[in-house]
Each structure stands twice: as C-alpha cells, then as structure tokens.
Amino acid sequence: MEEKYMLLAIEEAKKAFEKREVPIGAVIVKDNEVIARAHNLRELSKNAISHAEILSIQQACTALGGWRLTDCTLYVTIEPCPMCAGSILQSRIDKVVIGAMDPKAGACGSILNLLNNSEFNHQCDVITGVLEDECSQLMKDFFRSLRKNKR
C-alpha cells in the first residue's frame, strides 16, 4: 500500500522537476482516498513556505473542512524539513511515509527527529525508505542538471 501512494508522490515530484523546482512531492491519504497532492513551488510562487508538505496540508484541511488531519497519512518523497515537520505535528497527521532521508535538512530522523519527540503533545508513526532509490535519484538528477546548466 505504501508504494502505491509513494508513486503518486513521485509523480508530483516530477511535476516540480519539470518546473525547475526542487523535486519533492507529497500526497495525503485518508481512508484509502487521496485527499491532497502537491509539489514544491517555492521558485514559481516566490514564497519560502511553498513546500510540497505545506501545500498538501493546506489542501487536505480544505478538503476535510478543518485543521485536524487525524487518521491521515502523508507520503513524501524526501524527509521533511523542520518547518514541514512542525506543520505535520500541528495538523495532527498520524503517519508519515518518507521516500528518502535528507541528511542536510531532515527533521524526521536525520538531523532532528521532531515527529517522535515526546516533549510535543503529538507524535507520528514514521516509515522510511519507501521507493528510496527512485526518490533520491530524482534529487540527484535535478541537482546534476542545475550544475550542468550553470556551466
């Protein structure tokens, strides 16, 4: 089941790639139904918080008519940053499925582990490594193409 929804998140990441955005995609599922899907749009929106996770959380809140996303699972291609991890906690998402970890900015186990910090009033179940190779390859290809275009 995790791979099915991660493939949808990868589709979103590919949309970001095509727009020359960092290729991160996110999908939120409740009761086996996709209620939100998004990809990074920071460059196009010129907005620092236009991360895939934030945009998908906003969509899911609209779809459900409230800010509590209990019984929801977020599928994201790359480990969320501290801002996104905070938003995940604040929205009360129950489970986060991560494709590849981010050793430079990750806040779900790499640098920090905000989602499982018992000091917060909410924690999330976290699964990592779902279609990890595909998710990390998209990032490698993206940054390789940026370096190539700078030459």
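Look above for the structure.
Heads up: these notes are all about the structure in this document. (Residues numbered from 1 in each chain as written. Predicted model: local features only at pLDDT ≥ 70, side-chain atom pairs only at ≥ 80, totals over all residues. Heavy atoms only, no water.)

**A look at the overall build of the protein chain**
Logical step 1: The secondary structure content of the protein chain amounts to five helices and five strands.
Logical step 2: Along the protein chain, helices (α) and strands (β) appear in the sequence α-β-β-α-α-β-α-β-β-α when read from the amino end.
Logical step 3: Its C-alpha atoms give the protein chain a radius of gyration of 14 Å, within 12% of the compact-globule value 15 Å for 151 residues.
Logical step 4: C-alpha atoms of the protein chain, sized along the principal axes, occupy 50 × 30 × 30 Å.
Logical step 5: With 151 residues in all, the protein chain has 46% of them scored as buried.
Logical step 6: Here the contacts in the protein chain between residues at least 6 apart in sequence split such that 59% fall between residues at least 24 apart.
Logical step 7: Of the roughly 8,000 Å² of accessible surface on the protein chain, a fraction of 49% belongs to carbon and sulfur atoms.
Logical step 8: Taken as two groups, the 19 positive and 20 negative side-chain charges of the protein chain have centres that lie 9 Å from each other. (Helix = DSSP H or I, 4+ residues; strand = E, 2+ residues; numbered from the N terminus. Rg over C-alpha atoms; globule rule 2.2 N^0.38 Å. Buried < 20%, exposed > 50% of the residue type's maximum accessible area, 1.4 Å probe, protein only. Contact = heavy atoms within 4.5 Å. Areas by Shrake-Rupley, 256 points an atom, 1.4 Å probe, with all protein chains shown as cover. Lys, Arg positive; Asp, Glu negative; His and termini not counted. Charge placed at Lys NZ, Arg CZ, Asp CG, Glu CD.)

**Description of the pairing of strand S2 (residues 33-39)**
The side chains of a regular strand alternate, first on one face of the sheet and then on the other.
Logical step 1: The pairing of strand S1 (residues 25-30) with S2 spans six bridges and is antiparallel. Looking across to S2, one finds that Ile28 is bridged to Ala36.
Logical step 2: Taken together, S1 and the strand that follows it, S2, pair antiparallel across an intervening segment of two residues, in which Asp31 is found at a positive phi of about 50°. (Pairing = 2+ DSSP bridges.)

**A look at the sheet that holds strand S3 (residues 72-78)**
Logical step 1: What the five strands build is an open sheet, ordered S2-S1-S3-S4-S5; its pairing is mixed. Single-partner strands in this sheet number two, and they are S2 and strand S5 (125-127). In this sheet, adjacent strand axes meet at a mean angle of 15° when their direction is disregarded.
Logical step 2: Sitting on the sheet, helix H1 (residues 2-18) is in contact with S1, S2, S3, strand S4 (95-100) and S5, with an inclination near 30° to S2. (Axes fitted to C-alpha atoms, helices over the stretch in contact; angles between N-to-C directions.)

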